[in-house]
Amino acid sequence: MRTTILFILLLLPFWAPAQKARLIASSSTDWSGGVAGSSGTRYVFTIAFPGCNKKDIEADTLWIGDRPTALVVKTSDAAYFNTVVTSAKKSINYTINAAVDHSRRFNSPDPYRQNTNAINPVKAPMLYNGVALLAYRYKGKRCYFTISKIITKYPDISYP
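First things first, this report covers the structure right here in the doc. None of these values were measured; they are calculated from a predicted model.

### Observations regarding unusual backbone geometry
Comment: phi is negative for the bulk of residues other than glycine, and the bulk of peptide bonds are trans.
And then number 1: Its identity as a non-glycine residue notwithstanding, Lys139 has a phi of 55°, on the positive side.
And then number 2: Within the secondary structure, Lys139 is located in the loop between β7 (132–138) and β8 (141–147).

Here you go:
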């Protein structure tokens, strides 16, 4: 009996699907000011995909609450982007800048959102417990990664 349980415990990691993503860093900064009634939170997430090839991974959407943000990966210094992808020794790292605007102004777009018309601003595709939900494609297959916590909380910024 003991041998059987030990054998199952040793083989369990090979049967269970491995998580292809892991959180390296996460931070948030609350801000307010500028135009009267403007405030929000800026988030920065760094997520590693160990053992993956750059061609295999494509991050496309980040949900914070029920607000989706399309991820635009940096392709050149001249292009607008909110996501930077880098290659480390044994992983591919995505650094994502996202913001949630709590302002009462209606005519000004969120500076960190792209293609807001392309994504229907409805609930995330699945329930998640955490700060954000990252949608990405791994070898063409749709996958999700929950960002469970903020590691670094920076002091609030108040603009004049």
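### Here we look at the pairing of strand β6 (residues 91–101)
And then number 1: For β6, the tally of buried residues reaches 10 of 11 residues, placing the bulk of the element in the interior.
And then number 2: Strand direction decides the pairing type here: strand β5 (residues 83–87) and β6, joined by five bridges, are antiparallel. Opposite Ser87, over in β6, you have Ile92 as the bridge partner.
And then number 3: Connecting β5 to the antiparallel partner β6 that follows it, the hairpin turn spans three residues.

### Describing the pattern of salt bridges
A side chain with one charge can pair with a side chain of the opposite charge if their charged atoms come near.
And then number 1: Applying the stated criterion to the full structure yields three salt bridges.
And then number 2: The closest approach of N and O atoms between Arg142 and Asp60, which form a salt bridge, is 2.6 Å. Of this pair, Arg142 sits in strand β8 while Asp60 sits in strand β3 (residues 57–64); the two residues are 82 residues apart in sequence, bridging distant segments of the chain.
And then number 3: The exposure class assigned to Arg142 is partly exposed, which follows from its relative accessible area of 28%.
And then number 4: The exposure class of Asp60 is buried, given its relative accessible area of 19%.
And then number 5: Through salt bridges with shared partners, one network takes in Asp30, Lys153 and Asp156.

### Overview of the packing of aromatic side chains
And then number 1: Per the stated rule, a full pass over the model turns up four aromatic pairs.
And then number 2: Plain terms: the ring middles of Tyr43 and Phe45 are 5.8 Å apart, the flat faces sit at 10° to each other, and that makes the pair stacked.
And then number 3: For Tyr43, a relative accessible area of 13% gives the class buried.
And then number 4: Of the residues examined, Phe45 reaches a relative accessible area of 0% and is grouped as buried.

### Structural notes on the nonpolar core
And then number 1: One finds Phe45, Ile47, Phe49, Leu62, Ile64, Leu134 and Tyr136 to be the most contacted residues of the largest nonpolar core, which totals 25 residues.
And then number 2: Among the secondary structure elements, those contributing two or more residues to this core are β2 (39–50), β3, β6, β7 and β8.
And then number 3: Sorting elements by how many residues they give to this core places β6 first, with five residues.
And then number 4: If near-sequence neighbours (up to four positions away) are discounted, Leu134 is found in contact with Ile47, Phe49, Ala59, Thr61, Leu62, Leu71, Ile96, Cys143, Tyr144 and Phe145.
And then number 5: Grouped together as the second largest cluster of nonpolar side chains are five residues, Ala124, Tyr128, Leu133 and Ala135 included.

### Side note on the sheet that holds β3
And then number 1: Taken in spatial order, the four strands of this open sheet run β4-β3-β7-β8, and their pairing is antiparallel. Strands at the two margins of the open sheet, each flanked by one partner only, are β4 (67–70) and β8. Here the strands of the sheet are splayed against their neighbours by 25° on average, with no regard to which way each runs.
And then number 2: Taken together, the seven bridges between β3 and β7 define a ladder with antiparallel strand orientation.

### Some points on the state of the cysteines
And then number 1: Summed over all chains, the structure comprises zero disulfides.
And then number 2: The thiol of Cys52 is unpaired, and the distance to the nearest cysteine sulfur, on Cys143, comes to 9.4 Å.
And then number 3: Note on Cys143: relative accessible area 12%, which makes it buried.

Thresholds, definitions, all that
Residues numbered from 1 in each chain as written. Predicted model: local features only at pLDDT ≥ 70, side-chain atom pairs only at ≥ 80, totals over all residues. Heavy atoms only, no water. Helix = DSSP H or I, 4+ residues; strand = E, 2+ residues; numbered from the N terminus. Buried < 20%, exposed > 50% of the residue type's maximum accessible area, 1.4 Å probe, protein only. Pairing = 2+ DSSP bridges. Salt bridge = Lys/Arg side-chain N within 4 Å of Asp/Glu carboxyl O. Phe/Tyr/Trp six-rings, centres within 6.5 Å; stacked < 30°, edge-to-face > 60°. Core = buried A, V, L, I, M, F, W, Y, C linked by side-chain atoms within 4.5 Å. Contact = heavy atoms within 4.5 Å. Axes fitted to C-alpha atoms, helices over the stretch in contact; angles between N-to-C directions. Disulfide = S-S within 2.5 Å.

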